[in-house]
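Residue-level listing of the chains:
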Amino acid sequence: MKKGIDRMIADIEREVTYTRSMIGRDHLDPRVMQAMRTVPRDAFVPDDLKPYAFDNGPLRIGHGQTISQPYIVALMTDLLELQAEDRVLEIGTGSGYQTAILAELAQQVFSVELVPELGKTAAERLKQLEYDNIQFRIANGYEGWPEQAPFDAIIVTAAATHIPQDLVEQLKPGGKMAIPVGHPYQPQDLQLVRKNERGEPMIQNILGVAFVPLIPKAHIHEPDPNLH
Ligand code: SAH
């Protein structure tokens, strides 16, 4: 496993170098890279994909969803510039891999997932790995987690068609949000939203990316209250 992680880290560092003119940095924060070394990615992928767990690519995790590419996980985490006392909101728990990376670096992680089976499996897995600073919720992530707001940082791990106003509102002044924006099967932009001290969002385009879509509320099947 050690060899696999070494290879994954080397691949991330190489891709950072290739993309440095776009991402504006030669290296990611050593604390982020340490978290990438610490979290065992093989614990987050289905059994038949374990041989590929340390490849620098996305892998399917069921329900039409994917665990994100390690380079993208590292880059998005780096963009948030997390501090040990931070409270972070994640939209799209998925496998829980990105959640674990955040939990290594921040004080408290709040993670929202739409698909109950994915959220439940991720919560069990992260408990088994002995993370005790993560709270989970099954809900539509477009709405964030108002009861726990405001957050120092927000990360969205599926592509939104626009920057959701609810999420901007739940960010602290001085806070940062990393979010892919665009339509499915079209080029998307990884955007960094910084909220200034006056509460105004400043948006920066970082990189072209390809994420699964954040499912909009209109497509979410709500149980019909009239059916018994
Ligand atoms: N960070 C995850 C990425 C999973 S893919 C990982 O690395 O494993 C994106 C996730 O977002 C999927 O699990 C999907 O079910 C979830 N998702 C999609 N639309 C959502 C919505 N509206 N609210 C919350 N989660 C959503």
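Conventions adopted
- Residues numbered from 1 in each chain as written.
- Predicted model: local features only at pLDDT ≥ 70, side-chain atom pairs only at ≥ 80, totals over all residues.
- Heavy atoms only, no water.
- Near = heavy atom within 4 Å.
- Polar contact = N/O pair within 3.5 Å; in protein donor to acceptor, adjacent residues only side chain to side chain.
- Areas by Shrake-Rupley, 256 points an atom, 1.4 Å probe, with all protein chains shown as cover.
- Helix = DSSP H or I, 4+ residues; strand = E, 2+ residues; numbered from the N terminus.
- Nonpolar A, V, L, I, M, F, W, Y, C, P; charged D, E, K, R; others polar.
- Axes fitted to C-alpha atoms, helices over the stretch in contact; angles between N-to-C directions.
- Left-handed = near helix turned anticlockwise from the far one by under 90°.
- Contact = heavy atoms within 4.5 Å.
- Buried < 20%, exposed > 50% of the residue type's maximum accessible area, 1.4 Å probe, protein only.
- Arc of directions from axis to C-beta.
- Core = buried A, V, L, I, M, F, W, Y, C linked by side-chain atoms within 4.5 Å.

(A) Structural view of the site of the ligand. Taken together, 24 residues sit near the ligand, with S95, E113, N140, G141 and I215 positioned nearest. Residue G92 places a main-chain N or O atom 3.3 Å away from a nitrogen atom belonging to the ligand. Between the ligand and T157, the relevant distance is 3.2 Å, taken from a nitrogen atom to a side-chain nitrogen or oxygen of the residue. Contact with the protein chains removes 100% of the 580 Å² of surface that the ligand exposes when unbound. Those elements that place two or more of their residues in the shell around the ligand are strand 2 (65–67) and strand 4 (108–113). In terms of residues, the shell around the ligand owes the most to one element, strand 2, which gives 3 residues. Residues of the shell around the ligand, tallied by class, amount to 11 nonpolar, 11 polar and 2 charged.

(B) Region of the structure containing the packing of helix 1 (residues 2–18) against helix 3 (residues 30–38). Interaxial distance between helix 1 and helix 3 falls to 9 Å at its minimum, and their mutual angle equals 145 degrees. In the packing of helix 1 onto helix 3, the handedness of the crossing is right-handed. Judged by residue contacts, I5, D6, M8, I9, I12 and E13 of helix 1 engage M33, M36 and R37 from helix 3. Partitioning the contact of helix 1 with helix 3 into residue classes produces 6 nonpolar, no polar and 3 charged.

(C) Broad picture of helix 3. For helix 3, the set of buried residues is V32, M33, A35 and M36. The buried side chains of helix 3 occupy one side of the element, clustering within an arc of 155 degrees when seen end-on. In this fold, the buried residues of helix 3 make contact with helix 1, helix 4 (70–80) and helix 5 (97–105). Of the residues flanking the start of helix 3, the one acting as N-cap is D29, its side-chain oxygen 2.8 Å from the backbone nitrogen of R31.

(D) Examining the nonpolar core more closely. Core analysis: the largest hydrophobic core is formed by 53 residues, its most contacted members being M36, Y97 and L207. The dominant element in this core, judged by the number of residues it contributes, is helix 4, at 8 residues. Contact partners of M36, with chain neighbours within four places excluded, come to I5, M8, I9, I12, P70, V73, A74, Y97 and I101. Counting residues in each nonpolar core, the second largest holds 20 residues, with V112, L167, I179 and L214 among its members.

(E) Inspection of the side chain of Q98 at higher detail. Here Q98 shows up in helix 5. Side chain to side chain, Q98 and T77 meet in a polar contact 2.9 Å long. Beyond its immediate sequence surroundings of up to four residues, Q98 is in contact with V73, T77, E90, I155 and T157.

(F) Focus on the environment of F44. Mapped onto the elements of the fold, F44 is located in the loop between helix 3 and strand 1 (59–62). Exposure remark for F44: the relative accessible area of 1% places this residue in the buried category. Distance in space between the C-alpha atoms of F44 and I67 is 8.0 Å, their sequence separation being 23 residues. The residues contacting F44, other than those within four sequence positions of it, are V39, I61, I67, S95, G96, Y97, A100, R125, L126 and L129.

Any functional reading would require information that these geometric values do not contain.
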